[in-house]
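Commentary on secondary and tertiary structure
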Amino acid sequence: MDEQCSNYRWRWVALFVILSVEVMDLLDALVTNIAGPAIRAELGGSYSLIQWLGAAYTLSMAIGLLTGGRLGDIFGRRRLFLIGAAGFTLASLACGLAQTPGQLIVGRAVQGLFGAVMLPQGLGMIKQMFAPSEQAKAFGAFGPVMGLSSVGGPILAGWLVDADFFGTGWRMIFFVNLPLGIFAVVGALRFLPEFRSVRAPRLDWLGVVLAAVGAFLLLYPLVQGRELDWPVWCFVMLAAGLAVFGLFSIHESRRERRGLDPLVAPSLFRKRAFSGGLAVGLVFFAALIGTGLVFTFYVQIGLGWSPLKAGLTTLPQALGSVAGFVAAGSGLSERLGRKLLQIGTGVMMAGTVGFGFTAWLAGATITPWHLIPALVVIGAGMGLAMAPFFNIVLAGVDDEETGSASGALTSVQQLGGAFGIAVLGTIFFALVPRHGFQDATIFTAGVAFLLLAAAFGLSFLLPRLAVRSGQDAPAAPDPEKHEGRRQHAGSHVDG
């Protein structure tokens, strides 16, 4: 099919197919937090298993997103969408059938990799199937889907674990992906057109390997070091991880000088807005995702609440985030830009303080009702802060760098989540034996507050205003040369 095919006949049906895989990804990013304690109770293993269930998924997706869009440019977006959807579905089946912690962690990592393959393809096809006048409406459909998934994911996980359908228990949180995955594959075969770039970019395989190895060398000792009493080799791995990322930077610079396509354009790191955006994204999402995992530990393991009760308790935060997104979408993002991100981060800091104070004041008698005000505030701040983030950062990059910058930002979002799970989870369990679950939770909330404060301070490196859609939004000037970059620029919609 031609490179551009606006107003494709089955475009709205195709959009529905693409949204189905977004639902799978969003659900799987959330459900293991709630189901984690039940999984550990059946499969055994240490508490680090629960950390790895989230970290393996987000880390593998972070690495895969660096190349997922370009694979579609090279081999065809419909083909890669099918491979990603089928692989994700089979990996979900493998997770549901896992008999050991190791099998489940590997299954989660494979899920993340195939998710990184399929998600950019659907976003790229939307940009080509729809005329410019319809693209805003098509991409606007992601907002309600993200909102409903964030609300329904933890509740669905808690309900499935408690209901124990057919004796499957927690395994049903993965089996529910099977009908969604089959629908996506069949729908893609029938309704998705094939797109292939006329001038496909060359893939930087060595860059992929260096990024993956560096991230693993940093993450593994952060998760496992506490349980192993921090042997020397943990610190050696951390140092080696930093060295590998140094090699990655050198390799990318050399590749750019030779006229080849780097995974991340080195020129981006010379821009204060982009470097600051990476730093803000890393600490912000580390605080956000890591706190979510610690909250699960606190209410299920510390307070003994059921998975369903724990899932329902997260509802106020999810609803608050939807309200924040809606408020930001009413024009606040365009008018306030960076200030809205700072306001949202400040609101989250206030909610985090409120959560810690509530946990200290109520003690063992705490109920979900006590937590509603703080969780609503945290959620509202999250929606306000996340809404303008990507556009603000992309306002500081050149047109030809937009695709590379978007892919890197999306990867940092996932990588920040993985490090938040590792760092905050490790701090929490290091404190529990001596201080108990309540004090460990309050202290970890304080660490999350400091991370958010760091994000607030770093945000002053960003441009004042976000990119305005249809006005000064970056656009690639050459449709053939930069098509892969343009389609990958939409990948931030999933986060």
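As a reminder, the structure under discussion sits directly above these lines.
A few points on the structure. As the structure is a prediction and not an experimental result, all values here were calculated from the model.

**So, a nonpolar patch on the surface**
A grouping of L228, V232, W233 and V236 is seen on the molecular surface, where their side chains present a nonpolar patch of about 390 Å² in accessible area. Tracing the backbone shows V232 in helix α10 (residues 232-257).

**Remarks on the pattern of salt bridges**
Counted according to the given criterion, the structure contains three salt bridges. When the shortest N-O distance is used, the salt bridge between R108 and D28 registers 3.7 Å. You can see R108 sitting in helix α4 (residues 101-129) and its partner D28 sitting in helix α1 (residues 11-43), a full 80 residues away along the chain. Residues R108 and D28 agree in their burial class; the two are buried.

**Topic: the nonpolar core**
Within the largest apolar cluster, 99 residues are counted, with the highest numbers of intra-cluster contacts made by L104, L219, F274 and F284. Counting residues per element, this core draws most heavily on helix α16 (residues 402-458), at 20 residues. Contacts of L219, omitting those with residues within four sequence positions, involve W52, A55, L59, A418, F419 and A422. Formed by 27 residues, the second largest nonpolar core is a distinct cluster that contains M61, F81, L119 and F130.

**Structural notes on the packing of helix α13 (residues 315-336) against helix α15 (residues 368-394)**
With their axes 6 Å apart at the nearest point, α13 and α15 run at an angle of 35° to one another. Classified by chirality, the crossing of α15 by α13 is right-handed. The segment α13 lies against α15, with P316, Q317, G320, S321, G324, F325, A327, A328 and S333 engaging I372, L375, V376, I378, G379, A380, M382, G383, L384, M386, A387 and P388.

Quick notes on the rules
- Residues numbered from 1 in each chain as written.
- Predicted model: local features only at pLDDT ≥ 70, side-chain atom pairs only at ≥ 80, totals over all residues.
- Heavy atoms only, no water.
- Patch = residues over 30% accessible without salt bridge, like charges linked within 9 Å, V, L, I, M, F, W, Y side chains within 5 Å.
- Areas by Shrake-Rupley, 256 points an atom, 1.4 Å probe, with all protein chains shown as cover.
- Salt bridge = Lys/Arg side-chain N within 4 Å of Asp/Glu carboxyl O.
- Helix = DSSP H or I, 4+ residues; strand = E, 2+ residues; numbered from the N terminus.
- Buried < 20%, exposed > 50% of the residue type's maximum accessible area, 1.4 Å probe, protein only.
- Core = buried A, V, L, I, M, F, W, Y, C linked by side-chain atoms within 4.5 Å.
- Contact = heavy atoms within 4.5 Å.
- Axes fitted to C-alpha atoms, helices over the stretch in contact; angles between N-to-C directions.
- Left-handed = near helix turned anticlockwise from the far one by under 90°.

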